[in-house]
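Residue strings, one per chain:
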Amino acid sequence: MTTHLHITSWVLAFILFGLALMFYKQGKNKPAKILQMILRLDYLLILYSGGDLIMYYFQQSFMLGEVIVKGLAGIWVIAAMEMIAGKYSKGKPVMGVWVQFAIAVLIVLVLGFGRLPFGLHFMS
Ligand code: HEM
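Residues numbered from 1 in each chain as written. Predicted model: local features only at pLDDT ≥ 70, side-chain atom pairs only at ≥ 80, totals over all residues. Heavy atoms only, no water.

Here is the rule: UniProt positions are given in the numbering used here, feature names are shortened, and annotations may be inferred rather than shown by experiment.
Where an unreviewed UniProt entry is consulted, the chain appears under the name UPF0344 protein SAMN05216244_1461, with the organism given as Sediminibacillus halophilus. Recorded under Sequence similarities (unreviewed entry), the UniProt text for the chain is reproduced unchanged: "Belongs to the UPF0344 family." Taken verbatim from the UniProt record of the chain, the Subcellular location (unreviewed entry) comment is "Cell membrane".

### Examining the coordination of the iron atom of the ligand
Note the threshold: Coordinating N, O and S atoms are those within 2.8 Å of the metal (3.2 Å for Na, K and Ca), and as water is not part of the atoms, a site may appear to have fewer donors than expected. Irregular is the default label, applied whenever a site is not tetrahedral (four donors, all angles between 85 and 135 degrees) and neither square planar nor octahedral (four or six donors, opposite donors over 155 degrees apart, all other angles between 65 and 115). Strands here mean DSSP runs of E at least two residues long; helices mean DSSP runs of H or I at least four residues long; both are numbered from the N terminus. Throughout, exposure labels follow a simple rule: accessible area from a 1.4 Å probe, protein chains only, divided by the maximum for the residue type, with under 20% read as buried, over 50% as exposed, and the rest as partly exposed.
Coordination of the iron atom of the ligand by the protein is provided by His6 (NE2) and Lys70 (NZ), with metal-donor distances spanning 2.0 Å. One can describe the site at the iron atom of the ligand as octahedral: its six donor atoms subtend angles covering 82 to 176° at the metal. Of this pair, histidine 6 sits in helix 1 (residues 2-25) while lysine 70 is found in helix 3 (residues 64-90), placing the two residues 64 residues apart along the sequence. Both residues of the pair, histidine 6 and lysine 70, belong to the buried class.

### Re the UniProt feature "transmembrane region" (unreviewed entry) in the chain
Under the UniProt annotation, the feature "transmembrane region" (unreviewed entry) is placed at residues 6-25, 37-58, 64-85 and 97-118. Within the segment residues 37-58, helix and strand shares are 100% and 0% respectively, and the terminal C-alpha atoms sit 32 Å apart. For residues 97-118, the helix share is 86%, the strand share is 0%, and the end-to-end C-alpha distance is 30 Å.

### A closer look at the nonpolar core
For clarity, the threshold we go by: The criterion is simple. A nonpolar core is a set of buried Ala, Val, Leu, Ile, Met, Phe, Trp, Tyr and Cys residues joined through side-chain atoms within 4.5 Å.
Ranked by size, the top nonpolar core spans 22 residues in total, and within it Phe17, Leu39, Tyr43, Val77, Met81, Ile84 and Phe101 carry the most contacts. Among the secondary structure elements, those contributing two or more residues to this core are helix 1, helix 2 (29-59), helix 3 and helix 4 (95-115). With seven residues, helix 3 is the single largest residue contributor to this core. Membership of the second largest hydrophobic core comes to five residues, among which are Tyr57, Val67, Leu111 and Phe118.

### Observations concerning the environment of tyrosine 43
The condition that has to hold: Contacts between residues were defined by any pair of non-hydrogen atoms, one from each residue, lying within 4.5 Å.
As for its placement among the helices and strands, tyrosine 43 is situated in helix 2. Expressed as a C-alpha distance, the spacing of tyrosine 43 and alanine 20, which sit 23 residues apart in the sequence, is 15 Å. The residues contacting tyrosine 43, other than those within four sequence positions of it, are Ile78, Met81 and Glu82.

### Notes on the packing of helix 2 against helix 3
Note the following rule: Note on geometry: axes are lines fitted to C-alpha atoms, helical ones only across the stretch in contact, with angles between N-to-C directions running from 0 to 180 degrees. Working definition: roughly parallel below 35 degrees, roughly antiparallel above 145 degrees, roughly perpendicular at 65 to 115 degrees, and oblique for all remaining angles. Side-chain classes are defined by residue name, with Ala, Val, Leu, Ile, Met, Phe, Trp, Tyr, Cys and Pro counting as nonpolar, Asp, Glu, Lys and Arg as charged, and the others, Gly among them, as polar.
Their axes nearest at 10 Å, the elements helix 2 and helix 3 cross at an angle of 175°. Considering their axes alone, helix 2 and helix 3 lie roughly antiparallel with respect to each other. On the side of helix 2, the interface is formed by Lys33, Gln36, Arg40, Tyr43, Ile46, Leu47, Ile54, Tyr57 and Phe58, while helix 3 contributes Leu64, Val67, Ile68, Gly71, Ile75, Ile78, Met81, Glu82, Ala85, Gly86 and Ser89. Partitioned by chemical class, the residues of the contact of helix 2 with helix 3 number 13 nonpolar, four polar and three charged.

What follows is the structure, encoded as structure tokens:
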């Protein structure tokens, strides 16, 4: 259940993020701002579901190092999205933050799908 919420909320975040950037690029700042507000609410769902998933690992003292890195990388993805959207809205350069975003997403996907076992297959 929590895994589904987690995946749904970060997939939704990527969609809202992409749409907000598209609107900023077209100079439509108002819809972009509204999407960014919804995106910020969605971060709460990601954090809540991610925090709940982390508890399974802590309760069993299982793979703590990897799950902590997974959580921090997840927060880093969120921070990078915030920075990119903020810079887009002001027309500032974003290349460096895109690199950060790509690295953080890679870590999160490798650890989440590749390494940590309590995902969809385990407790859906
Ligand atoms: C946009 C940001 C995030 C993305 C893209 C993301 C992505 C993922 C993915 C792909 C999985 C694996 C799901 C599965 O195996 O079925 C996962 C699981 C998990 N995530 Fe996130 N996540 C993000 C944010 C966070 C945050 C902020 C936290 C911590 C507060 C967190 C903690 C966890 C935990 C503990 C798991 C369970 C690991 C497992 O057993 O697979 N995530 N996440």
